[in-house]
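Each chain is listed here by its residues.
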Amino acid sequence: MNTYDLIIQLALERGFYFPSSELYADASAGFWEYGPNGVRMKNKFLDLWRRELVRRDNMLEIDGSQIMSKSVFTASGHLSNFTDPVVKCKKCSSSFRADKLIQEVANVEVPERLANEFVDNLIKENNVTCPLCKGELSNAERFNMMFKIEIGPDHDEAYLRPETCQSIFVDFSRIYKVSRGKLPLGIAQIGKSFRNEISPRQGLLRLREFYQAEIEVFCNPSKLNDLSKFDDVKDTLLRFYDGHYLELSVQEALDRNILPNKLVGYYLALLVEFFEKTGIDKKRTRLRRLSDDEKAFYSTVAFDFEVDTSIGWLELVACNYRSDYDLKSHSVTSKTNLEVMDEEVKVLPHVFELSLGVDRCIYSIIEHSYFVDRENEDRAVLKLRPYLSPIHAGVLPLLKKPEFKKKSNKLVTLIQKDFDIFYDEAGSIGRRYRRLEEIGTPFAFTIDHQTLEDDSITVRYRDSMKQERIRIEDASSFLFANIYSYEKMQ
RNA sequence: GCGACGGUCGUCCAGUUUGGUCUAGGACAUCAGAUUGCCAAUCUGGUAACCCGGGUUCAAAUCCCGGCCGUCGCACCA
């Protein structure tokens, strides 16, 4: 079995994630839900993100609506740009991107945003037929990737947001004022986004409803190299890729013009340092600068943070320099001045964004942590960092006897408000260890005969399987020290 | 969305060719009990599935049609 299949099997069997509405046959693809272990892990991942990015850089976090008005997407460009002209063959009913087809067959440059009638005309003029069976083509139809929503009894048009950041742009002016912000200012948001993908596939990797953790850094475009905190990260190593790999410090990358300015370098460094703490193997990650035709329509400079998985390179974070595209268009559409004061100068901020796909990260972390221990009966171990593990520690009475239970309960009470604890008394002790490590639990506390005599317990380490004794009242400080410190575990 | 192939307990698989003996079998997992007492032990017992809808037939897991989902290829992927 390949790695992807092993991971999905683990996810299904252990309640990390599974298909939505699976009880019913009309459940459609692209919707997945997190089970108990998945939620625990996702929450911890998001905590880490908050800690290493939001708190570290004093960003402000908001939580916006998933449904937003039509005007928002008129301004953002999603209504016109997030749509593809599609034609169908009347004979074999294959469908094609109209613009690409015409371009290919007639060698005519076709703008993506061309109205349907013009597309139809081009097809007639150039005698474009179905490339598969030469059949006649239908009129062009628009396929917009946004989910359309109706509000209230009058069916007012609105949309599910295709990216979380639009609320940040729309809210920017108020947030900046009420929090007495200063440029550069990061505004962050975790939430669901929705895209009506034509063919969602591969579980959490391409969803129609998915979590994003986005950061929009608002900055003064004339001060992109005026950033004192840059020195904190200037030696951080970044791995670039443009056909070959290049590992450079942020400073070197700036000197070589691989990075456009200090601000971009600083935030890419924070991002890379964050990912080092997720347990994803740094050697299997890269920053890839996108070419012009790969970039999103709003982006001027774009890097993708990518990770190598068993099914190829996967984009985890899109890092786009969006310039003033968003604030300017919202400013024009809403007829509101969104300029702010930056040290006595009026400026329309530019935006650098770090748009992270949470679900893809969860998958990648699980895959990079999955390990089969060939030296110990092929035990499956999820070597998650302790602070990302769904369960922090197991509490296991060696024997299923009242006096062991009593001591176990005492221990559980002592630690369960601060940590995620799983109590398990069923089956052999070895089996219980194996079940815990399969979902990444870094520590197991065992209540044994000696516990009854001197209130000491065994700590068993997931990776090394080694054991040591600690006092029962030290369990809490043991966990604090070993979970929240980012030191390598034993 | 197109094409090919597929969908059976939580997971993996047998059964479909040739409709009936399938009241659907096994392994692992899981639950209960016994036993052991620090690394997936053993024994006994239990829970648990034919993707959905329609059709053919005396009879459908099995044949036919439609839908949904999955894998692969094509296309698509801010």
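Computed from a prediction, not measured in an experiment: that's the story for all the values here.

Explain empty space enclosed by the protein to me, and be specific about the residues and the numbers.
Per the counting criterion, the structure on display carries 3 cavities of 30 Å³ or more. By volume, the largest cavity is sized at about 50 Å³. Surrounding the largest cavity, Val272, Phe275, Glu276, Ile280, Lys282, Thr285 and Phe305 form its lining. Looking at the lining of the largest cavity, the element that brings in the most residues is helix H9 (residues 262-276), giving 3 residues.

Before we move on, could you go through the side chain of Gln166 and cite the residues and values that matter?
With respect to the helices and strands, the residue Gln166 is situated in helix H7 (residues 165-178). Taking relative accessible area as the criterion, Gln166 reaches 0% and is therefore assigned buried. When neighbours within four sequence positions are excluded, Gln166 is seen to be in contact with Met68, Val72, Phe73, Ser76, His78, Arg322, Asp326 and His330.

Tell me about the packing of aromatic side chains, and please be specific about residues and values.
Within a pair of aromatic rings, the relevant descriptors are the distance that separates the centres and the angle that separates the planes. The tally for this structure, following the rule as stated, stands at 21 aromatic pairs. The interplanar angle of 35° and the centroid separation of 6.1 Å between the aromatic rings of Phe480 and Tyr484 together place this pair among those described as tilted. In this structure, Lys42 packs its charged tip against the face of Tyr211, placed 4.2 Å from the ring centre.

Can you explain the pairing of strand E10 (residues 185-194)? Please cite residues and give values.
Of all 10 residues that make up E10, 10 are buried, and the element is covered over most of its length. The pairing of strand E3 (residues 60-62) with E10 spans 3 bridges and is classified as parallel. Each bridged residue has a counterpart across the sheet, and for Ile62 the counterpart in E10 is Gln189. Bridge analysis of E10 against strand E11 (residues 209-219) gives 10 bridges, and the strand direction is antiparallel. Considered in E11, the bridge of Ser193 is made with Phe210.

So what's going on with the protein's contact with RNA strand B? Which residues, and what values?
The full set close to RNA strand B counts 47 residues, and Ala25, Arg195, Ala296, Arg435 and Asp448 are the nearest of them. Among the atoms of RNA strand B close to the protein, meaning within 4 Å, 54% are from sugar or phosphate groups. A distance of 3.0 Å separates a base nitrogen of RNA strand B from a polar side-chain atom of Thr458. Looking at the surface near RNA strand B, the elements with two or more residues in it are helix H1 (3-14), strand E6 (95-97), E11, strand E21 (379-382), helix H13 (429-438) and strand E25 (456-461). The element that contributes the greatest number of residues to the surface near RNA strand B is H13, accounting for 7 residues. Looking at the surface near RNA strand B residue by residue, the classes come out as 15 nonpolar, 14 polar and 18 charged.

Parameters and conventions
Residues numbered from 1 in each chain as written. Chains lettered and ligands numbered in written order. Predicted model: local features only at pLDDT ≥ 70, side-chain atom pairs only at ≥ 80, totals over all residues. Heavy atoms only, no water. 1 Å grid on protein atoms, 1.4 Å probe; cavity = no way out; pocket = protein on both sides within 12 Å on 5 of 7 lines; lining within 4 Å. Points joined across faces, edges and corners; volume = space filled by probe spheres on them. Helix = DSSP H or I, 4+ residues; strand = E, 2+ residues; numbered from the N terminus. Buried < 20%, exposed > 50% of the residue type's maximum accessible area, 1.4 Å probe, protein only. Contact = heavy atoms within 4.5 Å. Phe/Tyr/Trp six-rings, centres within 6.5 Å; stacked < 30°, edge-to-face > 60°. Lys NZ or Arg CZ within 6 Å of the ring centre and 35° of its normal. Pairing = 2+ DSSP bridges. Near = heavy atom within 4 Å. Polar contact = N/O pair within 3.5 Å; in protein donor to acceptor, adjacent residues only side chain to side chain. Nonpolar A, V, L, I, M, F, W, Y, C, P; charged D, E, K, R; others polar.

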